[in-house]
Amino acid sequence: MRSYRYRWGEGLWSHLFHRISGVALIVYLSMHIWVIHHLQHGQTAYDELMNFLGNPLFRMGEVMLLAAILFHGLNGLRLVVMDAGLGIRKQRATFWVVFVVCAILVLVGGLVLLIGS
Amino acid sequence: MLHRYDTVIVGAGLAGMRAALEAKKGGSCCILTKVFPTRSHSGAAQGGIAAALGNAGEDDWTLHMFDTVKGSDYLADQDAVEILVREAPGTIIELEHMGVPFSRTPDGRIAQREFGGHLRQRACYAADLTGHVLLHTLYEQCLKEAVTFYPEYHVLSLVIAEGACRGVVALEILTGELHTFLARAVVFATGGYGRAFKITSNAHANSGDGLSILYRAGLPLEDMEFVQFHPTGFYPSGILVTEGARGEGAYIINGQGERFMKRYAPDRMELAPRDVTSRAIQTEIDQGRGINGGAYVHLDLRHLGPDKIMKSLPQILDLAMRFTGVDALKEPIPIQPTAHYSMGGIPTDNNGRVLLNHAGAVAQGLYACGECACVSVHGANRLGCNSLLDAVVFGTRAGRAVLADLPAIPRGDAPPDSEDAVRKELRLLLDREGNESLAAIRDDLQTGMQKNCGIFRSDSLLRAQLAAIGTLRGRFERVRLHDRGARFNTELMELIELRSLLDFTELIVRGALLRTESRGAHSRTDHPTRDDARWLTHSFARHTPEGPVCDYAPVRITRYEPKERKY
Amino acid sequence: MADTLGLYTFKIFRYNPDKDPKSRYDTFAVEVRQGMTILDCLQKIKGSLDGTLSFRRSCRSAICGSCAMNINGKNDLACHLQVSRLRGRTITINPLPGYPLIKDLVVDMGEFYRHIAAVMPWLVRRSPCPDRELLQFPADRDRIDSAVNCILCGSCTSSCPQFWFNPRYLGPAALLKAYRFIFDSRDEGRDERLAIVDDRYGVWRCRTVFNCDEACPKKLHPNEAIAGLKIEALKRSV
Amino acid sequence: MARQTGSIGWFLQRLSGGLIFALILVHFSLMHYMGPEKRLYADVVRRFQNPLWKSFDLVFLTLCLCHGWYGVWEIVGDYVRSDSLKILALILIVIAAAGLFSIGLVTVLTF
Ligand SMILES: Cc1cc2nc3c(=O)[nH]c(=O)nc-3n(C[C@H](O)[C@H](O)[C@H](O)COP(=O)(O)OP(=O)(O)OC[C@H]3O[C@@H](n4cnc5c(N)ncnc54)[C@H](O)[C@@H]3O)c2cc1C
Ligand code: HEM
Ligand code: SF4
Ligand code: F3S
Ligand code: FES
């Protein structure tokens, strides 16, 4: 028997979010490839599908996709920079930078996606 | 369970592991230790290890020898001291080659700093973590040489057959099982016993087990009355501030803002030997010149500047903050003297062979080294940095003596009942019904020793303490344990450790009572001067049914005749 | 100095498989004085409330590494943590996460020690040593300073989720030890040692979670050492 | 099995991540912010006929699949301890990655 009680800190959250967003992205990418594949079925079929995917439910999905990409991407860059030996001791601070930047971009970008176009 | 080795070593501090590296060359070898090797108290040593390397100004072994002999208040055996200091430089170089990461001079050599009682810059160090890096390096060497460790095995007694030591019986802490380790050679390296005192720099594990085991087996213990108090322990915990701090230039200041050491040791000031400095501090405190009249004075580092402090004393900076709440860069640290080192212990010859009596007869197959042993290179007062050196030099020598002796020691068998007596004893301790608390007895013992057998002693105090120990022994017989299980029973460990404390504190007090003079760390207010005519002798306390008795043996003097000791 | 801080509640993980296969929490009320550490409180509980409470300790001065445990969710040394530094009146103490439990706060660190031993933690010399010390310049010594100061308390490895899921992972402490020798200017065993850490269960199992950095009570940075080792390992394979 | 160090995978994971970051910015803003017509058949097919866009999409597709599935493989390595399960996962990952790659390849190359 082992104990696993531990307080969650920035590092763990960053790791967990990165992982979940990574998996979400690969799942999305798989569906995406399959959807784009419908180009094969001709213009009407494809555009109908695209219209269908334009409904608000999928719009929400798009916002989440944006969030996943932004967090995974920015945090990924954060990891790459630290792997190169830079800013390791600031890892907690940089996590919050990524988090806040991400939140702002998702808010602004998400609103545009939902209201705009 | 029965195990067989050529050599069994008890204790995985510097001395034990260094001995193992030698003994391993001559056959199978294992180390038993009650704490994991790197948790041994050698790791707590901060300041340094002495050797006349001459990396920071002229130095040679004769100067080192003189400082040591004078520091010992002429009680050290000079032939042993000569071995210690002559082998010191080679020993340091060997340690360095093993990988010890010493601090360095700008040109890449081992850095050396000043230390109390040494008139040259002689202390090799690694910041203020010298013992730590030495201990880890020796552990790593033992891993490399595939020495077998039995960590968390608490050794309880010797196996004796036909009058010779054949091994030890140990308790596996994890399971509560007894193990017999048969060996042709047994080396004790169980460290010191600072836990006999309330205020100490020592670890909880430093309960002098080895001394008690041998004493109970009928062997004598040497010079037990000499206990060193280190001048600078944090107030109130007693945790150590290395002498290296003063080596780097720190001041000691009393409640009137005075660097009072000028009244006690005008030449050496803060860098006088420990006995002198501790007495000075205690006198200031006793005469009401502590800080705000309290039981402490100040150690001031501030004038050294932040760079030097952070570079050379990083651990002190951290510990000061954590244990006194003081930022040593900005404020002085509250300090008090703290029980630190046991000069006495298991008597050995210059090769670590245990002595059977004060006449110098040697026990076959039994060795001791490190702080638990008394060679005696420290006499009545050890100089800083000399005990790590002692542990390594005489650890090596004990290991080599084992190598030399092994061929002549037959492989014996254990008496079939080797574990029975121990098992019975443990059952008794575990099952005892009573109303006494182990912690309370220990606390009373430590408080009493601190008060009655501390820096200043007198006939009446010592007699009071002797009586108190008698009472505590009685109470010990009525201790009731909460934990009666086999698995990792630390309460049982503490009880056994308390038993050894009771054993040898009696010897300390009795030795101190008999020695009617003041010498080194032993300071009697009723006999304030040194008395060479009568007391230039080592004491050997041994067990008799009527209680301990002391025999005396002369000090071996080769180069330096005793003189008045002034700093 | 004898100022009291008042009554604190200690909520302590209890486990003794010889008596009960399940773990539980016991609470103890302790009168805390100014200056008392968590270890002092545990000793007080053991001495006067419940002698069966088991934990490791020795030096009580933050150098032996015996008393690492999980205090209010964070791994730390019981002996150097002042009660007054903690927020709240209830202090929860758990054993170090990730290691097999033995009893109460005592865990089996065998795995941890074996990982340390696995990285060849000793100076390797092939060329003969001179009669005097091997020279090492202060800058080279500084490079391994923090790695040298590791007390093997096990806090870091215990905090690493990668180790929780995979106890074969060498873990930050062992990797820090490898770093200590690989970057020691006197060492000549660099290649063999790099080969050991350049492994699926070596540096590459580290996913930069950085719990280790926060967990280290001696304020060392095993994660930085790991980052350094990854680059060295990469250089080695290209 | 050959001794697997992990250094190359680790490095490529970081390299591909960096590249994807650049590409995904272009791709996502184009598809989601430059007006709905960008996503319709006519526009998409027109872009596929441009060799520059064609290579962009091919590189993007390849990088994402490599990066993503390698990432999944690493996750498997973290949590799955049994060797047989690991091999099973590896086979599935390779099939999925290869399958998706061929579908994507066909799509991009058809026009
Ligand atoms: C805080 C402090 C700072 C110091 N600083 C310096 C310094 O700067 N310079 C210097 O020269 N000296 C210094 N000293 C003194 C020096 O550190 C010690 O004298 C020396 O390290 C003792 O080493 P050792 O190997 O004899 O014992 P230890 O390192 O104490 O090892 C004892 C070993 O015995 C084992 N053991 C004990 N009892 C049993 C048992 N019953 N069964 C099994 N195993 C047992 C323990 O587990 C341990 O492994 C300092 C001491 C202290 C307390
Ligand atoms: C936007 C730019 C991206 C960057 C900078 C990036 C960066 C990274 C990095 C550095 C890792 C390694 C993390 C680690 O070892 O701990 C990683 C893992 C991963 N990435 Fe990305 N990535 C990006 C885009 C993507 C995309 C588009 C996908 C999906 C197709 C994806 C899927 C994954 C997965 C599944 C993992 C494994 C998760 C893990 O190990 O925790 N990534 N990424
Ligand atoms: S790196 Fe820190 S946490 Fe890890 S074992 Fe060493 S001292 Fe403990
Ligand atoms: S917590 Fe673990 S994953 Fe790496 S950075 Fe530290 S070793
Ligand atoms: S008791 Fe030694 S580190 Fe806490």
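Keep in mind it's a predicted model, so treat the numbers as computed, not measured.

(A) Main features of the interface of chain D and chain A. Between chain D and chain A, the residue contacts involve 33 residues of the former and 31 residues of the latter. Counting the surface lost from both chain D and chain A, the interface buries some 2,800 Å², and carbon and sulfur atoms represent 71% of this. Inspection of the chain D/chain A interface yields 2 salt bridges. We note a salt bridge from R19(A) to D78(D), for which the minimum N-O separation is 2.7 Å. Taken together, the links from chain D to chain A amount to 6 residue pairs in polar contact (both at pLDDT 80 or more). When contributions to the side of chain D that touches chain A are tallied by element, the ones reaching two or more residues are α1 (7–33), α2 (41–49), α3 (51–79) and α4 (83–110) of chain D. No other element matches the 10 residues that α3(D) contributes to the side of chain D that touches chain A. Tallied by class, residues from the side of chain D that touches chain A come to 22 nonpolar, 8 polar and 3 charged.

(B) Spotlight on the nonpolar core. One finds I49(B), L301(B), I333(B), F10(C), I38(C) and L42(C) to be the most contacted residues of the largest nonpolar core, which totals 174 residues. Ranked by residue count, the leading element in this core is helix α3 (residues 78–98) of chain B, at 10 residues. Two domains each donate at least three residues to this core, and these are domain 1 (4–107) and domain 2 (110–237) of chain C. Other than its neighbours up to four places away in sequence, I333(B) contacts F234(B), V297(B), H298(B), L299(B), L301(B), I316(B), A320(B), T324(B), V326(B) and A328(B).

(C) Broad picture of the interface of chain B and chain C. Each partner contributes to the interface: chain B provides 64 residues, whereas chain C provides 67 residues. Summed over both sides, the interface between chain B and chain C buries roughly 5,300 Å², with carbon and sulfur atoms accounting for 51% of that surface. Together, R39(B), R322(B) and R487(B) form the three largest contributors to the area buried by chain B at its contact with chain C, with a combined 16%. If you look at where chain B meets chain C, you find 7 salt bridges. In this structure, K103(C) engages D483(B) in a salt bridge whose closest nitrogen and oxygen atoms are separated by 2.7 Å. Our count for the chain B to chain C interface comes out at 36 residue pairs in polar contact (both at pLDDT 80 or more). Secondary structure elements with two or more residues in the side of chain B that touches chain C: α3, α4 (130–144), α10 (314–324) and α15 (490–514) of chain B. The leading source of residues in the side of chain B that touches chain C is α4(B), at 7 residues. Of the residues belonging to the side of chain B that touches chain C, the class tally is 24 nonpolar, 23 polar and 17 charged.

(D) Here's a closer look at the domain arrangement of chain C. Residue and element names in this part refer to chain C. In terms of domains, chain C is made up of domain 1 (4–107) and domain 2 (110–237). One C-alpha centre belongs to domain 1, the other to domain 2, and the line joining them spans 29 Å. Tallying the contact residues gives 15 residues for domain 1 and 15 residues for domain 2. Put simply, domain 1 and domain 2 have 0 salt bridges between them. Our count for the domain 1 to domain 2 interface comes out at 7 residue pairs in polar contact (both at pLDDT 80 or more). Ranked by the residues each element gives to the side of domain 1 that touches domain 2, the list is headed by strand β4 (residues 74–77), at 4 residues. A breakdown of the residues in the side of domain 1 that touches domain 2 according to their chemical character gives 9 nonpolar, 4 polar and 2 charged.

(E) Geometry of the site of ligand 3. Residues and elements named next belong to chain C. In the vicinity of ligand 3, the residues found are C150, I151, L152, C153, G154, S155, C156, A173, L176, C216, P217 and K218. Mapped by element, the contributors of at least two residues to the shell around ligand 3 are α5 (155–159) and α7 (171–182). In the shell around ligand 3, the residues fall into 9 nonpolar, 2 polar and 1 charged.

(F) Structural view of helix α5 (residues 209–216) of chain B. All names here are of chain B. Within α5, 7 of the 8 residues are buried, leaving the element largely enclosed by the surrounding structure. Among the residues of α5, those classed as buried are D209, G210, L211, S212, I213, L214 and Y215. G218 occupies a position one or two residues after α5 and carries a positive phi of about 100°.

(G) Expanded view of the coordination of the iron atom of ligand 2. For the iron atom of ligand 2, the full set of protein donor atoms is H72(A) (NE2) and H67(D) (NE2), and the range of their distances to it is 1.9 to 2.0 Å. Note that the iron atom of ligand 2 binds 6 donor atoms; their angles at the metal cover 86 to 179°, and the shape is octahedral. Residue H72(A) is located in helix α3 (residues 56–83), and its partner H67(D) is located in helix α3; the two belong to separate chains. Take H72(A): its relative accessible area is 14%, and that puts it in the buried class. H67(D) sits in the buried class, given a relative accessible area of 15%.

(H) Quick peek at the arrangement of the chains. Here 4 pairs of chains make contact, and the pair sharing the most contacts is chains B and C. No part of chain B reaches chain D; the closest C-alpha pair between them is 25 Å apart.

(I) Inspection of the packing of aromatic side chains at higher detail. Residues and elements named next belong to chain A. Counted under the stated rule, the structure contains 34 aromatic pairs over all chains. On the numbers, 5.6 Å between centres and 85° between planes, the contact of F17 with F71 is edge-to-face. Residue F17 is located in helix α1 (residues 10–36), and its partner F71 is located in helix α3; the two are separated by 54 residues in the primary sequence. Judged by relative accessible area, which is 30%, F17 ranks as partly exposed. An aromatic cluster of at least three residues, connected via ring pairs, comprises W8, W13, F17, F71, F95, W96 and F99.

(J) A nonpolar patch on the surface, seen in detail. Residues and elements named next belong to chain A. Taken together, W96, F99, V100, I104, L107, V108 and V112 make up a surface patch of nonpolar side chains, about 640 Å² in accessible area. Secondary-structure assignment places I104 in helix α4 (residues 91–115). Accessibility expressed as a relative area gives 48% for I104, which makes it partly exposed.

(K) View of the sheet that holds strand β11 (residues 227–234) of chain B. Residues and elements named next belong to chain B. With antiparallel pairing, the 4 strands of this open sheet are ordered in space as β11-β14-β13-β12. One side of each edge strand has no neighbouring strand; the edge strands of this open sheet are β11 and β12 (251–253). Each strand axis lies, on average, 45° off the axis of its neighbour in the sheet, ignoring direction. One ladder, built from 6 bridges, connects β11 with strand β14 (residues 333–342); its direction is antiparallel. By the bridge assignment, G233 is partnered in β14 with Q336.

(L) The sheet that holds strand β10 (residues 221–222) of chain B, seen in detail. Residue and element names in this part refer to chain B. Across the sheet, which stays open at both edges, the 3 strands sit in the order β10-β19-β20 with antiparallel pairing between neighbours. On the outer flanks of this sheet lie β10 and β20 (549–554), each paired with one strand and no other. Summarising the sheet, β10 and strand β19 (residues 537–542) pair through 2 bridges and their orientation is antiparallel. Bridge assignment links L221 to a residue of β19, and that residue is A541.

(M) Looking closely at the site of ligand 4. Residues and elements named next belong to chain C. The local shell around ligand 4 holds 13 residues, among which C160, C206, R207, F210 and C212 are the closest. Every element with two or more residues in the shell around ligand 4 is listed here: α9 (211–215) and α10 (222–237). Within the shell around ligand 4, the residues separate by chemical class into 8 nonpolar, 4 polar and 1 charged.

(N) Seen up close, the environment of T44(A). Residues and elements named next belong to chain A. Mapped onto the fold, T44 is located in helix α2 (residues 43–53). The exposure class of T44 is exposed, given its relative accessible area of 62%. Taking the C-alpha atoms as reference points, T44 and G109, separated by 65 residues in sequence, lie 30 Å from one another.

(O) Fine view of the environment of L383(B). All names here are of chain B. Among the secondary structure elements, L383 is positioned in the loop between β18 (373–374) and α11 (386–405). Among the residues examined, L383 registers a relative accessible area of 2% and is labelled buried. As for L383 and R457, which are separated by 74 residues in sequence, their C-alpha atoms are 21 Å apart. When residues no more than four places from it in sequence are discounted, the contact partners of L383 are D67, T68, G71, G116, G117, H118 and P273.

(P) Examining the pairing of strand β1 (residues 2–10) of chain B more closely. All names here are of chain B. Most of β1 is tucked away, with 7 of its 9 residues classed as buried. Examined bridge by bridge, β1 and strand β9 (residues 177–188) share 8 bridges and lie parallel to one another. Within β9, the position partnered with H3 by the bridge is F181. Direction of pairing for β1 relative to strand β2 (residues 29–33): parallel, over a ladder of 4 bridges. Among the inter-strand pairings, V10 is bridged to a residue of β2, identified as L32. Note on the crossover from β1 through helix α1 (residues 14–23) to β2: the handedness is right-handed.

The rules we used
Residues numbered from 1 in each chain as written. Chains lettered and ligands numbered in written order. Predicted model: local features only at pLDDT ≥ 70, side-chain atom pairs only at ≥ 80, totals over all residues. Heavy atoms only, no water. Contact = heavy atoms within 4.5 Å. Buried area = accessible area lost by both parts, 1.4 Å probe. Salt bridge = Lys/Arg side-chain N within 4 Å of Asp/Glu carboxyl O. Polar contact = N/O pair within 3.5 Å; in protein donor to acceptor, adjacent residues only side chain to side chain. Helix = DSSP H or I, 4+ residues; strand = E, 2+ residues; numbered from the N terminus. Nonpolar A, V, L, I, M, F, W, Y, C, P; charged D, E, K, R; others polar. Core = buried A, V, L, I, M, F, W, Y, C linked by side-chain atoms within 4.5 Å. Buried < 20%, exposed > 50% of the residue type's maximum accessible area, 1.4 Å probe, protein only. Domains from an automatic or database assignment. Near = heavy atom within 4 Å. Donors = N, O, S within 2.8 Å, 3.2 Å for Na, K, Ca; no water. Tetrahedral: all angles 85-135°; square planar, octahedral: opposite > 155°, others 65-115°. Phe/Tyr/Trp six-rings, centres within 6.5 Å; stacked < 30°, edge-to-face > 60°. Patch = residues over 30% accessible without salt bridge, like charges linked within 9 Å, V, L, I, M, F, W, Y side chains within 5 Å. Areas by Shrake-Rupley, 256 points an atom, 1.4 Å probe, with all protein chains shown as cover. Pairing = 2+ DSSP bridges. Axes fitted to C-alpha atoms, helices over the stretch in contact; angles between N-to-C directions. Right-handed = clockwise from strand over helix to strand, strands pointing away.

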